[in-house]
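Residues per chain are reported as follows:
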Amino acid sequence: MRLSQLFTKTVKDAPAEETARSAQLLIRAGYIHKEMAGAYDYLPLGLLVLENIKAIVRTEMNKLGANEILMTSLQSEELWRQTDRWDDQKVDVWFKSALKNGTPVGFGWSHEEPIAVMMKNYISSYRDLPMALYQFQTKLRNELRAKSGIMRGREFLMKDLYAFSSTPEELQTFYDKVSDAYLRVFTKVGLGDDTYLTYASGGAFTQFSHEFQTVTAVGEDTIYVNRARKLGVNREVYTDEALTQLGLKREELEEVRAAEVGNIFNFGTTKSEQLGVYYTDQSGQQKPVYLSSYGIGISRLMGVIAEHYADAKGLVWPEAVAPAQVYLVRLGTQSEVINQADSLYHDLTQLGVPVLYDDRDARPGEKFADADLLGIPHRVVVSDKTAAAGTYEWKQRTAEKSELIHKNKLLKILAGSD
Ligand code: ATP
Ligand code: MG
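Here goes a summary of the coordinates provided. (Residues numbered from 1 in each chain as written. Chains lettered and ligands numbered in written order. Predicted model: local features only at pLDDT ≥ 70, side-chain atom pairs only at ≥ 80, totals over all residues. Heavy atoms only, no water.)

What follows is about the coordination of the magnesium ion (ligand 2). At the metal site, the magnesium ion (ligand 2) is ligated by E260 (OE) and N263 (OD1), and these contacts range over 2.2 to 2.3 Å. Since its relative accessible area comes to 22%, E260 is described here as partly exposed. (Donors = N, O, S within 2.8 Å, 3.2 Å for Na, K, Ca; no water. Buried < 20%, exposed > 50% of the residue type's maximum accessible area, 1.4 Å probe, protein only.)

With that out of the way, let us pick up the sheet that holds strand β20 (residues 355–358). As summarised here, the arrangement of the 5 strands in space is β20-β19-β21-β22-β23, forming an open sheet in which the pairing is mixed. Two strands in the sheet have a free side with no partner beyond their single neighbour: β20 and β23 (403–405). Between one strand and the next, the sheet's axes are offset by a mean angle of 25 degrees, whatever the strand orientation. Where strand β19 (residues 326–330) and strand β21 (residues 378–382) come together, 5 bridges link them in parallel fashion. Counted as the bridge partner of V326 is H378 from β21. Across the sheet, helix α9 (residues 335–350) touches β19, β20, β21 and β22 (392–396), and the angle it forms with β19 is around 165 degrees. (Pairing = 2+ DSSP bridges. Helix = DSSP H or I, 4+ residues; strand = E, 2+ residues; numbered from the N terminus. Axes fitted to C-alpha atoms, helices over the stretch in contact; angles between N-to-C directions. Contact = heavy atoms within 4.5 Å.)

Quick look at the site of ligand 1 now. Surrounding ligand 1, one finds 13 residues, the nearest of these being R141, E143, R152, G153 and E260. One of the side-chain nitrogen or oxygen atoms of R141 is found 2.9 Å away from an oxygen atom of ligand 1. Residue V261 places a main-chain N or O atom 3.3 Å away from an oxygen atom belonging to ligand 1. At the level of elements, β8 (155–165) and β13 (254–268) are the ones that each hand at least two residues to the shell around ligand 1. With 4 residues, β13 is the largest single contributor of residues to the shell around ligand 1. Considering only residue class, the shell around ligand 1 consists of 4 nonpolar, 4 polar and 5 charged. (Near = heavy atom within 4 Å. Polar contact = N/O pair within 3.5 Å; in protein donor to acceptor, adjacent residues only side chain to side chain. Nonpolar A, V, L, I, M, F, W, Y, C, P; charged D, E, K, R; others polar.)

What helix α1 (residues 21–28) keeps buried is the set S22, A23, L25, L26 and I27. The secondary structure elements touched by the buried residues of α1 are β1 (32–36), β2 (39–42), α8 (298–308), β17 (310–311), β18 (314–315) and α10 (364–374). Of the residues flanking the end of α1, it is G30, one or two places downstream, whose phi is positive at about 80 degrees.

Our next topic: the environment of N142. Structurally, N142 is set in the loop between β7 (131–140) and β8. Leaving out residues up to four positions away in the same chain, N142 has contacts with D92, V93, W94, F95 and R154.

This next bit is on the pairing of strand β9 (residues 195–201). Among the 7 residues of β9, 6 are classified as buried, and the element is accordingly described as predominantly covered. Bridge count between β9 and strand β12 (residues 231–234): 3 bridges; the pairing is parallel. In the sheet register, L197 faces β12, and the bridge partner there is L231.

What follows is the structure in structure tokens.
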């Protein structure tokens, strides 16, 4: 990616009303553009980060044996009436509209009801189960407040997974596997140390659901964590009765702010009974299907990572999600400098290392400031000095000083090869 050709631009100031630091940085670095409160456009570099996060999640979902689909945003009133979740009194985030003929439609804030009804067409016998489907889909929610940048959108990207099981045991086995997969996702994106499996209210059987909460000062939730056991409980579960049930002691819990990056939920057979999702078991009997649902806030996750990995100069992306691994700064227009920079760009690209090549006609200070603001993990500088010496000036984003190194060593560091 040559910066001279890439549609991107850093900007001096984020909109005055943008209060979230992560959103300010993402806007200034040219990753996102704000349409209105809670609605953001993803520009080329922002989209790359989002796609990197999706790829990590997709790998884990596929390992679970789940199949990827894509459902609609338009949803019919009727399905949600059947489970009593259409009324604004029951669900306070609905965006609703109507067809030309007056038929009400809702914009999907979640997909349990539509997918359960869809699956009535495809599940008839125990042989059709278990079955798990997931999607990356834009959810629409009329949130009361949207002051946390991409961490709370009125339009945001979610990965939602739905599992259909024939028995509670089968559901539980899958539920535990998803829980492990989620922890691997949060570790891979660099939030493993700070993300807690957290008990929340609302699941079938055990009465608990689980949230994945990342401890961060800008989180909107208050939770109580046991750092040694790497467990948390949310506010609803922070009662004497629930704590006793979980074997947790109040004095071992610490109150912290956190952002909910994922939520997994066991619906038992409630929804299937409301919506009529049944299967025939081995003895020919009709039984309700067990439903569980699993969400990860993909765009919220990007915001939390941006918030967590930042310093006074800008973003500091972990390699796993960074839009490029190398920011290649070319200083000067002498042919030796251009040749040295072009050849490194070529070699790294050949090796599959994504490079942002700053080949613009701009001042050195501007290029260095952009390299820091953009938060690309490695910075390599090519100048008349390096061209003459046959070396490269390399520095990691968080390092104080750069080092002069030869190409072989540089390629080894950046691509793990000579
Ligand atoms: P919250 O309590 O933060 O409003 P929720 O419990 O209503 O979230 P879920 O229905 O559990 O959200 O959605 C699954 C996941 O989607 C959440 O764990 C979160 O990561 C993400 N998410 C929910 N609402 C938003 C939003 N408005 N913007 C961005 N991500 C969101
Ligand atoms: Mg939730």
